[in-house]
Amino acid sequence: MPLARLGSAWLPRIERVLAETPASCGLSLDVPDGALPQLVTWLDLVVAWSERVDLTAARDADTLVDLLLADAALLASTQLTGSVIDVGSGVGAPAIPLAILRPTLTLTLVEPRERRAAFLRTSCGTLSRPDIRLLRTRSMEVEAETAELALSRATLPPPLWLREGARLARSGVWVLLGQDEPPTLATWHSDLDLSYTWPLTGGRRRAVRYAKAPSQD
C-alpha cells in the first residue's frame, strides 16, 4: 500500500516512537509543547513530496515513522546544547525532528542535491523555522569547526564520517550505526554508546558519541 497523508492518525505512532526509543536505553524525552502537531505536519509533507520526488525508501507508515523519528528521539533524550550540523540531510532526518524536539538548538543542514534541498527549504518554511540554516553544498566545502556537534546518517561509511565529522565539529560527533562496528579515530574517544530498537519495525540501531580529547599542550 502506498504511503498516505494521515494527519492526526500519525499521532499513536509518533507518541510510541518518542516514548519507547529513549526508554530502550533507560532514557526519557521531555516533548515540548506544540511538537506533536509539527511532527504530524512534517510527516504529511514528506508523503506529499514523495509522490513526485524520491525522498525515502519507506513504503508503509510504520517504517516511515521509525525511519524519520526514532534516531532523533534518541538524540533528543541526551544532553544536546549549542550548535549542530547535519551532513547529507536528505529528507531531513534526524535534523528536522531534532529541531522540533529540541527547539533551542542551532541547526545547520548540509545537502547538495537540488530537489532535496528544495524539500528541506519548504520544510523549514512550513514549520516556521527560519532559524534553521540550509547549505546547498558538500560537506568538504563547509568550514572546519563550524558547529559544536556534527551528525549524519548513511551519508558516508562510518570511519569516513567520523573523520569528516571531527573536522566539522568543535567538541562532539555522533555516528549512527546499523550493523557496523563503531569506528576509531586518534584524538577522539567514545563517551556515550547507546544500543536501541526502532519501536514499530524492530530495527536494531546503535548511536555512538565521540568527544574530542583535551589538548596535551
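Coordinates for the structure precede this section.
Here is what the cut-offs are and how they apply
Residues numbered from 1 in each chain as written. Predicted model: local features only at pLDDT ≥ 70, side-chain atom pairs only at ≥ 80, totals over all residues. Heavy atoms only, no water. Helix = DSSP H or I, 4+ residues; strand = E, 2+ residues; numbered from the N terminus. Rg over C-alpha atoms; globule rule 2.2 N^0.38 Å. Contact = heavy atoms within 4.5 Å. Areas by Shrake-Rupley, 256 points an atom, 1.4 Å probe, with all protein chains shown as cover. Lys, Arg positive; Asp, Glu negative; His and termini not counted. Charge placed at Lys NZ, Arg CZ, Asp CG, Glu CD. Pairing = 2+ DSSP bridges. Axes fitted to C-alpha atoms, helices over the stretch in contact; angles between N-to-C directions. Parallel < 35°, antiparallel > 145°, perpendicular 65-115°, else oblique. Left-handed = near helix turned anticlockwise from the far one by under 90°. Nonpolar A, V, L, I, M, F, W, Y, C, P; charged D, E, K, R; others polar. Buried < 20%, exposed > 50% of the residue type's maximum accessible area, 1.4 Å probe, protein only. Salt bridge = Lys/Arg side-chain N within 4 Å of Asp/Glu carboxyl O. Core = buried A, V, L, I, M, F, W, Y, C linked by side-chain atoms within 4.5 Å. Phe/Tyr/Trp six-rings, centres within 6.5 Å; stacked < 30°, edge-to-face > 60°. Lys NZ or Arg CZ within 6 Å of the ring centre and 35° of its normal.

Digging into the overall build of the chain
Broken down by element type, the chain carries six helices and seven strands. N-terminal to C-terminal, the α/β element order of the chain is α-α-α-β-α-β-α-β-β-α-β-β-β. For a compact globule of 217 residues, the expected C-alpha radius of gyration is about 17 Å, and the chain comes in at 16 Å, within 12% of that figure. Principal axes of the C-alpha set define a box for the chain whose edges measure 55 × 35 × 30 Å. Taking the intrachain contacts of the chain between residues at least 6 apart in sequence as the baseline, contacts between residues at least 24 apart amount to 66%. Put simply, the chain shows about 10200 Å² of open surface, and 50% of that area lies on carbon and sulfur atoms. Across the chain, the mean location of the 23 positive side-chain charges is 4 Å away from that of the 25 negative side-chain charges.

Quick look at the sheet that holds strand 5 (residues 169-177)
If you trace the seven strands from one edge of the open sheet to the other, you get 3-2-1-4-5-7-6, paired in mixed fashion. Strand pairing shows two members of the sheet lacking a second neighbour, strand 3 (133-135) and strand 6 (188-197), which therefore form its edges. With direction set aside, neighbouring strand axes in the sheet form an average angle of 20°. With five bridges connecting them, strand 1 (residues 83-87) and strand 2 (residues 106-110) associate as parallel partners. Residue pairing for strand 2: Val84 is matched across the bridge by Leu107.

Remarks on the packing of helix 1 (residues 11-23) against helix 3 (residues 61-76)
Two elements in contact, helix 1 and helix 3, have axes separated by 9 Å at closest approach and are oriented at 40°. Here helix 1 is positioned oblique relative to helix 3, judged by the angle of their axes. The two elements helix 1 and helix 3 cross, and the hand of that crossing is right-handed. Along the contact surface, helix 1 presents Arg13, Ile14, Val17, Leu18, Thr21 and Pro22, while helix 3 presents Ala61, Asp62, Val65, Asp66, Leu69, Ala70, Ala73 and Leu74. Residue composition of the contact of helix 1 with helix 3, by class: ten nonpolar, one polar and three charged.

Topic: the side chain of Asp86
With respect to the helices, strands and loops of the structure, Asp86 is situated in strand 1. Arg153 provides the closest opposite charge to the buried, salt-bridge-free Asp86, at an N-O distance of 7.8 Å. With residues near it in sequence (within four places) discarded, Asp86 still touches Pro94, Ala95, Thr108, Leu109, Val110, Leu151 and Ser152.

Description of the packing of helix 1 against helix 2 (residues 35-50)
Where helix 1 contacts helix 2, the axes come no closer than 10 Å and their chain directions differ by 115°. Between helix 1 and helix 2 lies a crossing of right-handed hand. Each of Leu11, Ile14, Glu15 and Leu18 in helix 1 lies in contact with helix 2, whose residues at this interface are Leu36, Leu39, Val40 and Leu43. Of the residues contributing to the contact of helix 1 with helix 2, the split by class is seven nonpolar, no polar and one charged.

A few points about the nonpolar core
Formed by 56 residues in total, the largest nonpolar core has its most connected members in Trp10, Trp42, Leu68, Leu69 and Phe119. Per-element tally for this core: the top contributor is helix 3, with eleven residues. In contact with Trp10, other than residues within four places in its own chain, are Ala4, Arg5, Val40, Leu43, Asp44, Val47, Ala61, Leu64 and Val65.

Some points on the packing of aromatic side chains
Any aromatic ring pair is given by two values, namely how distant the centres are and how the planes are angled relative to each other. Throughout the structure, instances matching the rule amount to one aromatic pair. Measuring from centroid to centroid gives 5.4 Å for Trp49 and Phe119, while their planes differ by 65°, and the two rings are edge-to-face. Highlighted residues: Trp49 in helix 2 and Phe119 in helix 5 (residues 114-126), separated in sequence by 70 residues. Here Phe119 falls in the buried class, since its relative accessible area comes to 0%. When the ring centre of Trp49 is taken as origin, the NZ or CZ atom of Arg52, which lies over that ring, is 4.8 Å away.

A word on the side chain of Thr108
By the element assignment, Thr108 lies in strand 2. Taking relative accessible area as the criterion, Thr108 reaches 10% and is therefore assigned buried.

Limitation: the analysis is restricted to geometry and does not speak to function.
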